[in-house]
Amino acid sequence: MKKKAYQELLKKGWLDSIRTLFPDEEIYTFWDYLYKSYDRNAGLRLDHILLSPYLVSRLQSGGVDRYVRGWEKTSDHAPVWIELQKEK
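Residue numbering note: each chain is counted from 1, following its sequence as written. In view of the model being predicted, local features appear only for residues whose pLDDT reaches at least 70, and side-chain atom pairs are presented and counted only at 80 or more, with totals across whole chains, interfaces and linings using the full set of residues. Excluded from the side-chain calculations are hydrogens and water; all other atoms, namely the structure's heavy atoms, are used.

Trainee: Describe the pattern of salt bridges, with residues and values.
Mentor: Pairs can form between side chains of opposite charge once their charged atoms are near each other. The salt bridge criterion pairs a side-chain nitrogen of Lys or Arg with a carboxyl oxygen of Asp or Glu, the two atoms within 4 Å. A complete count under the given rule lists two salt bridges for this structure. Among the salt bridges present, the one from Glu 8 reaches Lys 11, with a minimum N-O distance of 3.6 Å. A residue pair is termed a helical-turn pair when its members lie 3 or 4 positions apart in one helix, as Glu 8 and Lys 11 do in helix α1 (residues 2–11) at three residues. For every residue, the accessible area (1.4 Å probe, protein chains only) is compared with the maximum for its type, and the residue is labelled buried under 20%, exposed over 50%, or partly exposed between those bounds. A relative accessible area of 32% places Glu 8 in the partly exposed class. With a relative accessible area of 66%, Lys 11 lands in the exposed category. The closest approach of N and O atoms between Arg 45 and Asp 16, which form a salt bridge, is 2.8 Å. Taken together, the positions of Arg 45 in the loop between α3 (37–40) and β2 (50–51) and Asp 16 in strand β1 (residues 15–16) put the pair 29 residues apart, joining distant regions of the chain. For the pair Arg 45 and Asp 16, a shared accessibility class is recorded, and that class is buried. Working definition: helices are DSSP H or I runs of at least four residues, strands are E runs of at least two. Numbering for both runs from the N terminus.

Treat this as a map of the structure, not an account of what it does.
Shown next as structure tokens:
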């Protein structure tokens, strides 16, 4: 059900901001602690920032701070972020 809802948002013009910025890159935001997934880069992309059609033109930059996941006793998710241009 969640995947279907996500696809419906995309059909309505919402934008996957990180995929737009990095269309051909492998993007992960989650690495399970089992089986040393982070060390093997065997992750999943669970975290998204969708932009409404109104904000799409203001997308400037963004990324996944993957290195944070490598810290000791950290979350199994890495921070995802975007920057938008100020409204003119």
